Amino acid sequence: MDENIKDLLPFYALGGLSEADKEQVDQYLRLHSEARQQLEADTTIVSALAYGVRPTPPSLRVKNGLMKRVEADVAERNRIMAQPAMLTRFLGYFRSGSMMPALAGLSLLVAILAGMWTFFLNTEVSRLQEQLAAVDKITAALPVDVTPIQLELGILRRENDALQQEASDQQEKLLALSTEILALQEENGLLKSDLSTQNDTLAAIRDDLSQSAIEVTNLVDIEDQLLAQSESISAQDQTIVALQQELAQLRQTNATLLKEVSAQREIMVYVTSPNVQPMLIVGTTALPTAKGQLIANPNDATGALIISGLPPLAPGLVYQFWLVHHTQGYIQAGIVDVDEEGVGTLIVNPNTQIGDFDAMGISIEAVDKTPEPTRESMIMLGALSS
Amino acid sequence: MTNAATFLRYTKLNEENLAMPAADSSRAQNVTWAKGLNQLDDIQIMAKIADGDASSLEVLYDRHSSAVMGLCLKMLNDRAAAEEIVQEAFWRVWRNADSFRKQRGSPVSWLFGIARNLCIDYWRRHKIRPQPTFADEGDGTEIVSSHNVDESVWTSIKHNQVRQAMADLPQAQRRVIELAYFWGMTRQEIAETIDVPLGTVHTRARLAMQKLREFLAGQGFEE
């Protein structure tokens, strides 16, 4: 069956075709019995569809109204049936003889017309017989010339048969393809359904992602807070470092103070020891404001030097304390520590009795150079007496 | 006709239903005649209607008026208009019974066709086109006509069979059938309404018809 008609038949039965489509199907139905059978089957189904609707009894008024109309119609039919028929009236006139002249005239007219018609038919038959004779002559002359045509006709028929076979094969393939397409369309429907489900899943995932984005935003906020806290901690660290530095300085100051206290205590030990005596040392013209004492027992090899009025030195320079022996010359006896107030102290421990030395002095020397003192380089000098 | 319907048709229930109080002898004769008519099938009834027998039309009306009314009510959604169409449909059966040809289908499908065309004419006359609805039609078990109990039961059985057949169709296929039959749409209008290619509408209609045919045949459905 034609595929297009196959598509149209259900809608023909359902009453869903345009007039043009309906005309096309009507023409096809006149020629194809299988289409008529298909339509009959479809129509049976379609007529059942009305049963699918919930049945609802109409009100009694509908039936009463209908039956009244029907009764009136029956009465009208009976009235018409009761009237004499036209033919009966005509036969009555005929029987009475009042129409005889008119009938005679009518019969004569019919006879004349029949004679004319017979003459016309005879003439036409003669003409056709002549034409037939002419055709016979032509046909008799044909056999010799017709043979090649017949051969060609045979070839054409075989070709035609082959083409018909091919067309039949094509139709079968088309049918198979149609079935396959129907299956694919069904499958397509299922796939669409799956796609819809997957879309729902994707929508759910998008919702989750949206929720995750909110959580990420929260995390960013938390990160900002952490960063602020980190900066605060860093500032605190810097404060701690500063405090530690301050503490270290304090410790250093403390150590210096302790050292000073220790030195002062040591000096106090010498100052308060019995048999000690102060031996003066004063500034030369180079440093006239400086003065001090070496407090020691001349019979001991130790003593404490205390100087005041020493100005601060440039970096790399120190105050060098010397003991002068009449045979050994200048002997290094230590570096004088000077505080901010210009007071210098030194515990002297020359391994020889202080009383054996002749004099003492202080010079300014470079830290990294071996000193070579002279009388002129002394900024303070003092005599030692036993 | 199925065994169930045949059984119902010949039970005492049927006779009690028809044995209405006769006010006079002619009414009683009509009832007796109607008992006989009730045993005829629709095609035989149509032949009697074509001969001008009003009682046969009444029998046909009792058998099928509920189903025809249901169809009209679905298509028009207006009870008064639906009742008007029901009366007109049976009137046309009465006037044109002699043009009925059983080769073209059953009397009831002819009747449904008349009613459906009248509904479509009604839309055109009143320039309306109701919006399609696809509500479930109910199971029909509660439907019992006051005119004729066994016919109503038989109608309910058929209603349930067809309703189930329609319910078993995939929604997309069912919709094509409903739009064409109940809402009078052409295949092109259906394709536009549900926004699918015309070829898809054809496929759905063919598959739907095939499934309905198989289902109803399996149920022993008869008109």
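Residues numbered from 1 in each chain as written. Chains lettered and ligands numbered in written order. Predicted model: local features only at pLDDT ≥ 70, side-chain atom pairs only at ≥ 80, totals over all residues. Heavy atoms only, no water.

J.: Describe the overall build of chain A, listing the residues and the values that go with them.
T.: Across its full length, chain A holds 7 helices and 8 strands. The buried share among the 386 residues of chain A stands at 22%. Long-range contacts, defined here as pairs at least 24 residues apart, represent 57% of the contacts in chain A between residues at least 6 apart. Carbon and sulfur atoms provide 59% of the accessible area of chain A, an area that totals close to 26800 Å². (Helix = DSSP H or I, 4+ residues; strand = E, 2+ residues; numbered from the N terminus. Buried < 20%, exposed > 50% of the residue type's maximum accessible area, 1.4 Å probe, protein only. Contact = heavy atoms within 4.5 Å. Areas by Shrake-Rupley, 256 points an atom, 1.4 Å probe, with all protein chains shown as cover.)

J.: Any chance you could break down the overall build of chain B for me, citing the residues and the numbers?
T.: Helix and strand content of chain B: 11 helices and 0 strands. Beginning at the N terminus, the succession of helices and strands in chain B can be written as α-α-α-α-α-α-α-α-α-α-α. Sorting the 223 residues of chain B into buried and exposed places 51% on the buried side. Taking contacts inside chain B between residues at least 6 apart in sequence as the whole, the part at least 24 apart equals 62%. In the form shown here, chain B has an accessible surface area of approximately 10400 Å², with 49% of it arising from carbon and sulfur atoms.

J.: Lay out the sheet that holds strand E7 (residues 359-366) of chain A in plain terms, naming residues and giving numbers.
T.: Strand pairing in a sheet relies on backbone hydrogen bonds. The paired strands run either parallel or antiparallel. Residues and elements named next belong to chain A. With respect to topology, 8 strands assemble into a closed barrel ordered E1-E2-E3-E6-E5-E4-E7-E8, the strand pairing being antiparallel. Taken over all neighbouring pairs, the strand axes of this sheet differ in orientation by 25 degrees on average, direction set aside. As paired strands, strand E1 (residues 277-283) and strand E8 (residues 378-383) are joined by 2 bridges and run antiparallel to one another. What sits directly across from Val282, in E8, is Leu381. (Pairing = 2+ DSSP bridges. Axes fitted to C-alpha atoms, helices over the stretch in contact; angles between N-to-C directions.)

J.: Summarise the packing of helix H5 (residues 54-76) of chain B against helix H6 (residues 79-96) of chain B; cite the residues concerned and give the values.
T.: Residues and elements named next belong to chain B. In the contact formed by H5 and H6, the axes pass within 8 Å of each other and the chain directions differ by 140 degrees. Where H5 crosses over H6, the handedness of that crossing is right-handed. Residues Ala54, Leu57, Leu60, Tyr61, His64, Ser65, Val68, Met69, Cys72, Leu73 and Leu76 of H5 pack against Arg79, Ala81, Ala82, Glu83, Ile85, Val86, Phe90, Val93 and Trp94 of H6. (Left-handed = near helix turned anticlockwise from the far one by under 90°.)

J.: Before we move on, can you summarise the pattern of salt bridges with the specific residues and values?
T.: All names here are of chain B. Summed over all chains, the structure comprises 18 salt bridges over all chains. One salt bridge connects Glu83 with Arg79, and the closest N-O pair in it is separated by 3.4 Å. Linking Glu83 with Arg79, this pair stays in helix H6, spanning 4 residues, or about one helical turn. Note on Glu83: relative accessible area 5%, which makes it buried. (Salt bridge = Lys/Arg side-chain N within 4 Å of Asp/Glu carboxyl O.)

J.: So what's going on with H5(B)? Which residues, and what values?
T.: Residue and element names in this part refer to chain B. Helix length check: H5, at 23 residues, gives a terminal C-alpha distance of 28 Å against a target of 33 Å (1.5 Å per residue), a shortfall beyond 12%. When the local axis directions of H5 are compared, the greatest deviation, roughly 55 degrees, occurs at His64. Within H5, 21 of the 23 residues are buried, leaving the element largely enclosed by the surrounding structure. Within two residues after H5, Asn77 carries a phi angle of roughly 55 degrees, on the positive side. (Expected span 1.5 Å × (residues − 1). Bend = angle between axes of the 7 residues up to and from the residue.)

J.: Go over the packing of helix H9 (residues 171-181) of chain B against helix H11 (residues 198-219) of chain B, please, and point to the residues and values.
T.: All names here are of chain B. Here H9 crosses H11 at 95 degrees, and the two axes come no closer than 8 Å. In terms of axis orientation, H9 runs roughly perpendicular to H11. The segment H9 lies against H11, with Ala172, Gln173, Val176 and Ile177 engaging Val201, Arg204, Ala205, Leu207, Ala208, Met209 and Lys211. Across the contact of H9 with H11, the residue classes break down as 8 nonpolar, 1 polar and 2 charged. (Parallel < 35°, antiparallel > 145°, perpendicular 65-115°, else oblique. Nonpolar A, V, L, I, M, F, W, Y, C, P; charged D, E, K, R; others polar.)

J.: Please set out the interface of chain A and chain B residue by residue, giving values where relevant.
T.: Reports often express the size of an interface as the amount of accessible area lost when the parts come together. Facing the 46 residues of chain A at the interface are 63 residues of chain B. Here chain A meets chain B over a buried area of about 5200 Å², counting both sides, of which 64% is carbon and sulfur. One can count 9 salt bridges joining chain A with chain B. A salt bridge links B:Arg187 to A:Asp21, with the shortest nitrogen-to-oxygen separation between them at 2.8 Å. Broken down by secondary-structure element, the contributors of at least two residues to the side of chain A that touches chain B are helix H1 (3-14), helix H3 (33-49), helix H4 (60-82) and helix H7 (143-272) of chain A. Within the side of chain A that touches chain B, the residues separate by chemical class into 23 nonpolar, 11 polar and 12 charged. (Buried area = accessible area lost by both parts, 1.4 Å probe.)

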